[in-house]
Amino acid sequence: MITSDRQTLEARNVHVSFGGIHALSGVDLVLNTGDILGLIGPNGAGKTTMVNVLTGFQASKPGAIILNGKDVSRLRAPEMARAGIGRSFQAARLFRNLTVLENLIIAGLGMGLSKSAAAAQGREILSWMELEGHSEQLASSLSYSSERRVSIARALALNPAFVLLDEPASGMNEAECAALMRIITSLPARMNCGVLLIEHNMQVIMEVCDRIHVLDGGRSLAEGCPDKIKSNPAVLRAYLGDDAPQTERTI
Ligand SMILES: Nc1ncnc2c1ncn2[C@@H]1O[C@H](COP(=O)(O)OP(=O)(O)OP(=O)(O)O)[C@@H](O)[C@H]1O
């Protein structure tokens, strides 16, 4: 059920280590419904690990995930999804021998909808994602770009309050990426959801996001609106190295 209430997802003091590698060290992050938050940083900064923590695929020790004031750190991935935290994966995980609409119906059924309600919801989401023409197509026969869109559509069919998208446009050409970003921009108003977006194309991130959180080496480097981030000297150094000019330079 889509509500108009403002909801909040918080990561507090998140720590994740893999052996001796500190993937995340003391990261705080807040995502509100209605907002698009960009999560950026150089390779290995900890972006995917943060998405894994927020969606219950990875534990944070110490640290906590707080959903609307309630500690949900102990929930595992399927429970996080039911609690309203959805994600898409870098590789689409569709039921390949089912149609596109059937993939969405299964997600809706899993959320307790009747078959007709799940089908109606699925058709609506396919229209948002500009995929109406593909509803009866087998998932196995989709083009790469459509398959990625369907995987986002399926995440939306779980009716999440928060949608975490890890490089959703990776491998797409410029036009496909622009079309997808136009759709992503419309999601907060359509679903009253919050979107967390990982994307390496800085121009895209600056255009699409309300706020941007920058990670570097597992630590928070900066957070703010795109204009502030693109002229932040510490962010410039992280992306451009010590050669970054000190003034009047943006990403
Ligand atoms: N399962 C794992 N086992 C060991 N090390 C890992 C594991 N997952 C991530 N790491 C390490 O943790 C650090 C953060 O990785 P992560 O994938 O979160 O970064 P990222 O910012 O998403 O990088 P990229 O932009 O390259 O996708 C990296 O040093 C990575 O090698």
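Above: the structure in question.
No experiment lies behind these values; they were computed from the predicted model shown.

Cut-off values and rules
- Residues numbered from 1 in each chain as written.
- Predicted model: local features only at pLDDT ≥ 70, side-chain atom pairs only at ≥ 80, totals over all residues.
- Heavy atoms only, no water.
- Phe/Tyr/Trp six-rings, centres within 6.5 Å; stacked < 30°, edge-to-face > 60°.
- Lys NZ or Arg CZ within 6 Å of the ring centre and 35° of its normal.
- Pairing = 2+ DSSP bridges.
- Helix = DSSP H or I, 4+ residues; strand = E, 2+ residues; numbered from the N terminus.
- Axes fitted to C-alpha atoms, helices over the stretch in contact; angles between N-to-C directions.
- Contact = heavy atoms within 4.5 Å.
- Near = heavy atom within 4 Å.
- Polar contact = N/O pair within 3.5 Å; in protein donor to acceptor, adjacent residues only side chain to side chain.
- Areas by Shrake-Rupley, 256 points an atom, 1.4 Å probe, with all protein chains shown as cover.
- Buried < 20%, exposed > 50% of the residue type's maximum accessible area, 1.4 Å probe, protein only.
- Expected span 1.5 Å × (residues − 1).
- Lys, Arg positive; Asp, Glu negative; His and termini not counted.
- Salt bridge = Lys/Arg side-chain N within 4 Å of Asp/Glu carboxyl O.

*Asks:* Please give an account of the packing of aromatic side chains that cites residues and values.
*Replies:* The final tally for this structure, using the stated rule, is zero aromatic pairs. In this structure, Arg87 is placed above the aromatic ring of Phe57, and the distance from its NZ or CZ to the ring centre is 4.8 Å.

*Asks:* Account for the sheet that holds strand E7 (residues 162-166), with residues named and values stated.
*Replies:* The six strands are arranged E6-E7-E8-E3-E9-E10 in an open sheet whose pairing can be described as mixed. In this open sheet, the two edge strands, each paired with only one partner strand, are strand E6 (85-88) and strand E10 (219-224). Ignoring strand direction, the axes of neighbouring strands in this sheet form an average angle of 20°. Bridge analysis of E7 against strand E8 (residues 194-198) gives five bridges, and the strand direction is parallel. Among the inter-strand pairings, Asp166 is bridged to a residue of E8, identified as Ile198. With respect to the sheet, helix H1 (residues 47-54) is in contact with strand E3 (36-40), E6, E7, E8 and strand E9 (211-216), its orientation differing from that of E8 by roughly 150°. Contacts between helix H6 (residues 174-191) and the sheet are confined to E3, E7 and E8, with E8 contributing the most and set at about 150° to the helix.

*Asks:* Which residues make up the site of the ligand, and what values go with them?
*Replies:* All residues adjacent to the ligand are Phe18, Ile21, Ala23, Pro42, Asn43, Gly44, Ala45, Gly46, Lys47, Thr48, Thr49 and His200. Contact between the ligand and Asn43: an oxygen atom at 3.3 Å from a side-chain N or O atom of the residue. Contact with the protein chains hides 60% of the accessible area of the ligand, taken as 630 Å² for the molecule alone. Every element with two or more residues in the shell around the ligand is listed here: strand E2 (21-32) and H1. Looking at which element gives the most residues to the shell around the ligand, the answer is H1, with three residues.

*Asks:* Help me get a handle on H1, residues and values and all.
*Replies:* An α-helix turns once per 3.6 residues; consequently, residues spaced three or four apart project the same way. Within H1, six of the eight residues are buried, which leaves the element mostly enclosed by the surrounding structure. Residues of H1 that are buried include every one of Lys47, Thr49, Met50, Val51, Val53 and Leu54, and no others. Immediately downstream of H1, the backbone of Gly56 shows phi near 80°, a positive value.

*Asks:* Lay out the pairing of E2 in plain terms, naming residues and giving numbers.
*Replies:* Alignment of strand E1 (residues 8-18) against E2, held across nine bridges, turns out to be antiparallel. Paired with Thr8 across the strands is Asn32, a residue of E2.

*Asks:* Describe helix H4 (residues 115-128), listing the residues and the values that go with them.
*Replies:* With 14 residues, H4 extends 20 Å from end C-alpha to end C-alpha; this agrees with the ideal 20 Å at 1.5 Å per step. Among all positions in H4, only Ala118, Ala119, Gln121, Gly122, Ile125, Leu126 and Trp128 are buried. Packed against the buried residues of H4 are helix H3 (100-110), helix H5 (144-156) and H6. The positive-phi residue at the C-terminal boundary of H4 is Glu130, with phi of around 55°.

*Asks:* How would you explain the sheet that holds strand E5 (residues 70-71) if you had to name every residue and give the values?
*Replies:* Taken in spatial order, the four strands line up as E2-E1-E4-E5 in an open sheet, and their pairing is antiparallel. With partners counted over all chains shown, the strands left at the sheet margins are E2 and E5, one partner each. Summarising the sheet, strand E4 (residues 64-67) and E5 pair through two bridges and their orientation is antiparallel. In the strand pairing of E5, Leu67 is matched with Lys70. Running at roughly 120° to E1, H1 makes contact with E1, E2 and E4 of the sheet.

*Asks:* Give a detailed account of the environment of Glu223, specifying residues and quantitative values.
*Replies:* Residue position: Glu223 is located in strand E10. With relative accessibility at 37%, the residue Glu223 sits in the partly exposed group. Remark: the alpha-carbon pair of Glu223 and Asn32, spanning 191 residues in sequence, is separated by 14 Å. Among all residues touching Glu223, those that are not within four sequence positions of it are Leu37, Arg211, Ile212, His213 and Ile229. For Glu223, the side chain forms a polar contact with the side chain of His213, separated by 2.7 Å.

*Asks:* Please give an account of the side chain of Asp166 that cites residues and values.
*Replies:* Counting through the fold element by element, Asp166 comes out in strand E7. Buried and unpaired, Asp166 has Arg87 as its nearest opposite-charge partner, separated by 4.7 Å. Only 2.9 Å separates the side chain of Asp166 from the side chain of Thr48, close enough to count as a polar contact.

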